[in-house]
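Structural overview
Each chain, letter by letter, is given below.
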Amino acid sequence: MPNRNRSMLAGRPRVRDITTLAAENGLLSSMLLAPEMIAAVEATLTEGDFEDPARAKMFSLLVEMNRSGEHIRDQRLLLERLRASGLLDELGGPRQFLAEFIDHTEPANAASYAAQVRRNSVRRRMRTLANEFQSKAVADADPADLAGWLQAELGLLQSIASTDQHASTVAEACESLLQEIRHTAETGGSPGVLTGIDHIDGYYGGLLPSRLYVIAARPGVGKSSLAQQVGEAIAANNQGVLFISLEMSRQEIAARYLAKRCGINGKQLAAHAVSAADLQVIEKAAQDARSLPFLISEPNGRRATLAAICAEARVRKTTDGIAAIVVDYLQIIEPTHPRQTEYEKVTEATRAFKQLSRELGIPVVLLSQLNRQTEAGTKPRAPRLGDLRSSGSIEQDADGVLFLHELGRGSVRLMVPKMRGGERSEALLRFHGPSCTFSDAPIEDHDNFRAEFADYATDSF
Ligand SMILES: Nc1ncnc2c1ncn2[C@@H]1O[C@H](COP(=O)(O)OP(=O)(O)OP(=O)(O)O)[C@@H](O)[C@H]1O
């Protein structure tokens, strides 16, 4: 049995599948016969989906001719173009070309040939992946990294393989939106998972599925506290949360969790400096936490690479049905390879988290530091989207960006400079350090910071 498995993964040299060539020929023939189908075919295939290089080039040539309005049915023009590009020889000369693509043309369905070419292409990618996986497994790769890499590659293949099933008409899309709206109205709920932060829930309907949110602030302003609080609120609604904590240990998270519920300073709790009476209250709060679907994942000696994080998220989605993921924080993720620059790492990570949120259909909340420029001068200025820019693609990939800006005296400005499908906005919050809790600021705080808020209208993000 082991030998059989090995030969399956090794991918013995294959005799080229006749159906692959037949599908590619069938598609190209129907594109020649019905050029009006080319635009639709072009939306589902690329040159890279063809196995035969000459047929791949012919596909691109037909797409190009169609785009520039040339008459593909004009055989003389077509042969001229094929000859000029050297393709006619590659395809076996004029006689062969006519025999394969013109004379035997059936009035076939270009779309079904395109689907077949695409399926063949996905199968080829799967074989390549299997070979690559075997080489990496035989080499000295770290098993956890390797498993994460495989899972990410499989996720990608799955999304490519299922693209056909995801195509829908605008009427179907409208119907599915209507069903979601009816469901929200019937359940009296909200389109997203509720965060417990009134501004986010009231203004934006919570954190929406398939979206990437970035929470950014300078160190110590409260990103981790806000993210944990949001995670706890989601879990309190009986929806699972995966909190990937690359900075805080689970003991620190537990201390903050209990501090809020027991009215005891979190630092005291973390230092085990509690009275016997406190201990009883803490025990009760710890018991109540048992039913909370809040999962903490910390590196625990493992390398916290992007692949490992995404792999864990996929597993937890399947095993625990999580409704949201929080990653604390972007810059601390380990590079994929030793030569990867910070810019490359961040770009790769934001793309991967955006893709992950769509693949799993749940929101991903990514915490991020800001560039140092916000700290220049005596009083740190309010963050702007540009402060994320040198970190690569954060601004482009995030569907929503939330900034925290410390104003002093416990007041923190929550700024939303980007929200896909929503308006930018801001709110004033109050931060309580001992319990690491944010709450809505009382009205007198608004009076204190009115000047800052007046600035906001002219502030360019
Ligand atoms: N028990 C406590 N009493 C008072 N302040 C506290 C307590 N615990 C934490 N803090 C303060 O709360 C603030 C927010 O901490 P948090 O870890 O959420 O910030 P952060 O923005 O994630 O920072 P970093 O980037 O350093 O992780 C910090 O300034 C921290 O010193």
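Owing to the predicted nature of the structure, the values given are computational and were not obtained by experimental measurement.

Right, let's get into empty space enclosed by the protein. Counted according to the given criterion, the structure contains two cavities of 30 Å³ or more. Estimates place the volume of the largest cavity at around 90 Å³. Looking at the largest cavity, the residues that line it are Ile244, Leu246, Ser297, Glu298, Pro299, Arg302, Arg303, Ala304, Ala308, Ile309 and Glu312. Per-element accounting of the lining of the largest cavity gives the leading share, three residues, to helix α17 (residues 306-320). Looking at the lining of the largest cavity residue by residue, the classes come out as six nonpolar, one polar and four charged. In this model, the second largest cavity occupies a volume close to 70 Å³. Thr195, Ile200, Leu207, Tyr213, Ile215, Leu226, Val230, Val365 and Leu402 are the residues that line the second largest cavity. Elements that contribute at least two residues to the lining of the second largest cavity include exactly β1 (212-217) and α13 (223-236). Along the lines of polarity and charge, the residues of the lining of the second largest cavity split into eight nonpolar, one polar and no charged.

The next point concerns the pairing of β1. Among the six residues of β1, six are classified as buried, and the element is accordingly described as predominantly covered. Residues Leu212, Val214 and Ala216 of β1 are buried on one face, and the alternating residues Tyr213, Ile215 and Ala217, pointing to the opposite face, are buried as well. Here six bridges tie β1 to strand β5 (residues 364-369), and the two strands are oriented parallel to one another. Bridging from a neighbouring strand, valine 214 pairs with leucine 366 of β5.

If you check helix α18 (residues 342-360), its first and last C-alpha atoms are 26 Å apart, about what 19 residues at 1.5 Å a residue would give, namely 27 Å. Inspection of α18 places Lys345, Val346, Thr347, Ala349, Thr350, Phe353, Leu356, Ser357 and Leu360 among the buried residues, and these make up the whole buried set. Taken together, the buried residues of α18 touch β1, α17, β4 (324-328), β5 and α20 (394-397). Count one or two residues on from α18 and you reach glycine 361, which has phi positive near 70°.

The next point concerns the site of the ligand. The environment of the ligand is made up of 17 residues, and the closest members are Gly220, Ser224, Ser225, Glu247 and Asn265. At 3.3 Å from an oxygen atom of the ligand is found a main-chain nitrogen or oxygen belonging to valine 221. Protein chains bury 75% of the 640 Å² of accessible surface belonging to the ligand in isolation. Residue assignment for the shell around the ligand shows that the elements contributing at least two residues are α13 and α15 (266-270). Looking at the shell around the ligand, the element that brings in the most residues is α13, giving three residues.

Looking at the chain as a whole, the pLDDT averages 84, with 87% of positions reaching at least 70. Under a pLDDT of 50 for its full length, residues 457-461 has, in the predicted model, 14 contacts with residues more than four places off or in other chains. For this predicted complex, the interface score ipTM comes out at 0.94, while the overall pTM is 0.69.

Evaluated as defined, the whole model comprises five aromatic pairs. For lysine 136, the ring lying beneath its charged end belongs to tryptophan 149, and the centroid distance is 4.7 Å.

Along the polypeptide, glutamine 331 turns up in the loop between β4 and α18. Glutamine 331 gets classed as buried once you look at its relative accessible area, which sits at 18%. At 3.1 Å, the side chain of glutamine 331 and the side chain of serine 368 are in polar contact.

The next point concerns a nonpolar patch on the surface. The grouping of Leu177, Leu178 and Ile181 at the surface amounts to a nonpolar patch, some 270 Å² of accessible area in total. Secondary-structure assignment places isoleucine 181 in helix α11 (residues 170-187).

This paragraph deals with α17. When the terminal C-alpha atoms of α17 are compared, their 20 Å separation across 15 residues agrees well with the 21 Å that a helix rising 1.5 Å per residue should span. What α17 keeps buried is the set Leu306, Ile309, Cys310, Ala311, Glu312, Ala313 and Arg314. At its buried positions, α17 is contacted by α9 (143-161), β2 (241-245), β3 (294-297), β4 and α18. Glycine 321, located one to two residues past α17, shows a positive phi value of around 60°.

Attention shifts here to the sheet that holds strand β7 (residues 411-419). Overall, mixed pairing links the nine strands, which are arranged β3-β2-β4-β5-β1-β6-β7-β8-β9 in an open sheet. If you trace the sheet from one side to the other, it starts and ends with β3 and β9 (437-440), each paired once. Here the average twist between neighbouring strands, direction ignored, is 25°. Pairing of β2 with β4, which is carried by five bridges, proceeds in the parallel orientation. Across the sheet, residue isoleucine 244 finds its bridge partner in β4, namely valine 327. Lying over the sheet, α17 contacts β2, β3 and β4, oriented at roughly 160° with respect to β2.

Here is what the cut-offs are and how they apply
- Residues numbered from 1 in each chain as written.
- Predicted model: local features only at pLDDT ≥ 70, side-chain atom pairs only at ≥ 80, totals over all residues.
- Heavy atoms only, no water.
- 1 Å grid on protein atoms, 1.4 Å probe; cavity = no way out; pocket = protein on both sides within 12 Å on 5 of 7 lines; lining within 4 Å.
- Points joined across faces, edges and corners; volume = space filled by probe spheres on them.
- Helix = DSSP H or I, 4+ residues; strand = E, 2+ residues; numbered from the N terminus.
- Nonpolar A, V, L, I, M, F, W, Y, C, P; charged D, E, K, R; others polar.
- Buried < 20%, exposed > 50% of the residue type's maximum accessible area, 1.4 Å probe, protein only.
- Pairing = 2+ DSSP bridges.
- Expected span 1.5 Å × (residues − 1).
- Contact = heavy atoms within 4.5 Å.
- Near = heavy atom within 4 Å.
- Polar contact = N/O pair within 3.5 Å; in protein donor to acceptor, adjacent residues only side chain to side chain.
- Areas by Shrake-Rupley, 256 points an atom, 1.4 Å probe, with all protein chains shown as cover.
- pLDDT = per-residue confidence, 0-100.
- Phe/Tyr/Trp six-rings, centres within 6.5 Å; stacked < 30°, edge-to-face > 60°.
- Lys NZ or Arg CZ within 6 Å of the ring centre and 35° of its normal.
- Patch = residues over 30% accessible without salt bridge, like charges linked within 9 Å, V, L, I, M, F, W, Y side chains within 5 Å.
- Salt bridge = Lys/Arg side-chain N within 4 Å of Asp/Glu carboxyl O.
- Axes fitted to C-alpha atoms, helices over the stretch in contact; angles between N-to-C directions.

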